[in-house]
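Examining the three-dimensional arrangement
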Amino acid sequence: VQLQASGGGLVRPGDSLKLSCAASGRTFSSYTMGWFRQAPGKEREFVAAISWSGGSTYYADSVKGRFTISRDNAKNTVYLQMNSLKPEDTAVYYCALVVGAVSDYPYEYDYWGQGTLVTVSS
C-alpha cells in the first residue's frame, strides 16, 4: 500500500486547512484510516481515525470539535479538515492504514504516508 499525504502549509492561528491522503495498491475501502501528527521533539500522537465505511469516526480530545476526518472510497482518499488552528497544532501530519481494528496507537498501524508539514504561526 502506498499512501501520499498532501495539503500542509503555513497558516495563521484561526485559519483552516484541509489535508488529503491518497491511497493505492490495496482495497482502500476495506480498512480503517487514521491521521497522526508529530511535533518537533515529541512523540507521534493520534489525531483522528475513520472506519472503512466512514460510519464511525474517532478524535483526540485536543482536536475534537475543530477537526473532521472523512473519506471518499471512490477516490481512495481520506481527508482531514482542520479548523480554528492553533500554534500547538504545528506538526508533521501522517496518514496511516490499519489492517486490524481501529486504534489510537501508532504501532498498530501497518502502512504510513510520508507526512505533510502544518505550521500555525502568526
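Residues numbered from 1 in each chain as written. Predicted model: local features only at pLDDT ≥ 70, side-chain atom pairs only at ≥ 80, totals over all residues. Heavy atoms only, no water.

1. Here's the deal with the overall build of the protein
Rule in force here: Starting at the N terminus, helices and strands are each numbered in turn, a helix being any DSSP run of H or I of at least four residues and a strand any DSSP run of E of at least two. As a reference, a globule follows 2.2 Å times the number of residues to the power 0.38, and the radius of gyration itself is taken over C-alpha atoms. Throughout, exposure labels follow a simple rule: accessible area from a 1.4 Å probe, protein chains only, divided by the maximum for the residue type, with under 20% read as buried, over 50% as exposed, and the rest as partly exposed.
Secondary structure summary: the protein contains zero helices and 11 strands in total. In sequence order, the secondary structure elements of the protein are arranged as β-β-β-β-β-β-β-β-β-β-β. In terms of overall dimensions, the protein is globule-like: its C-alpha atoms have a radius of gyration of 13 Å, near the 14 Å expected for 122 residues. Projected onto the principal axes, the alpha-carbon positions of the protein cover approximately 40 × 25 × 25 Å. Of all 122 residues assigned to the protein, the portion counted as buried reaches 40%.

2. Details of the side chain of D89
Quick reminder of the rule: Only heavy atoms enter the contact rule, under which two residues are in contact if any of them lie within 4.5 Å.
Position of D89 relative to the elements: it lies in the loop between strand 8 (77–82) and strand 9 (91–98). Beyond its immediate sequence surroundings of up to four residues, D89 is in contact with R37, R66, F67, S84, V118 and V120.

3. Quick look at the sheet that holds strand 1 (residues 2–6)
The cut-off we apply is this: The pairing criterion is simple: DSSP has to find at least two bridges between the two strands. The convention used is that axes are lines fitted to C-alpha atoms, helices contributing only their stretch in contact, and that angles between N-to-C directions extend from 0 to 180 degrees.
Here we have four strands laid out as an open sheet, ordered 1-3-8-7, and antiparallel in their pairing. The sheet terminates laterally at strand 1 and strand 7 (67–72), the two strands that pair on one side only. Here the strands of the sheet are splayed against their neighbours by 15° on average, with no regard to which way each runs. The pairing of strand 3 (residues 17–24) with strand 8 spans six bridges and is classified as antiparallel. From the neighbouring strand, C21 faces strand 8, where its bridge partner is V78.

4. Let's talk about the confidence of the model for the protein
Here is the rule we go by: Each residue carries a pLDDT score, the predictor's own confidence in it, on a scale running from 0 to 100.
With 99% of its residues at a pLDDT of 70 or more, the protein shows a mean pLDDT of 94. Confidence, read as mean pLDDT per element, is least for strand 10 (residues 111–112) in the protein (94) and greatest for strand 11 (residues 116–120) (98).

5. Describing the pairing of strand 4 (residues 32–38)
The element strand 4 is extensively covered by neighbouring structure, given that six of its seven residues are classed as buried. In this sheet, strand 9 lies alongside strand 4 in antiparallel orientation, the contact comprising seven bridges. By the bridge assignment for strand 9, F36 is matched with Y94. Bridging between strand 4 and strand 5 (residues 45–50) involves five bridges; their strand directions are antiparallel. Pairing of R37 across the sheet is with E45, part of strand 5. Connecting strand 4 to the antiparallel partner strand 5 that follows it, the hairpin turn spans six residues, and G41 within it adopts a positive phi of roughly 80°.

6. So, the packing of aromatic side chains
What counts, and what does not: Two rings from Phe, Tyr or Trp (for Trp, the six-membered ring) form a pair when their centres are within 6.5 Å of each other. A pair whose planes differ by under 30 degrees is stacked, one over 60 is edge-to-face, and the rest are tilted. Put simply, a charge is over a ring when the Lys NZ or the Arg CZ is close to the ring centre, within 6 Å, and near the line of the ring normal, within 35 degrees.
Inspection of every chain in the model, using the stated rule, returns six aromatic pairs. With a centroid separation of 5.1 Å and an interplanar angle of 55°, the aromatic rings of F36 and W112 are classed as tilted. With a gap of 76 residues between them, F36 in strand 4 and W112 in strand 10 connect regions that are remote in the sequence. Relative accessible area serves as the criterion here: at 0%, F36 is assigned to the buried category. Exposure remark for W112: the relative accessible area of 28% places this residue in the partly exposed category. Summarising the aromatic geometry, the rings of Y109 and W112 are spaced 6.1 Å apart at their centres and angled 55° between planes, so their arrangement reads as tilted. The class for Y109 is buried, based on a relative accessible area of 6%. Ring-pair connections join several aromatic residues into one group, and the members of that group are F36, F46, Y94, Y109 and W112. Between the NZ or CZ atom of K18 and the centre of the ring of Y79, over which it lies, the distance is 4.6 Å.

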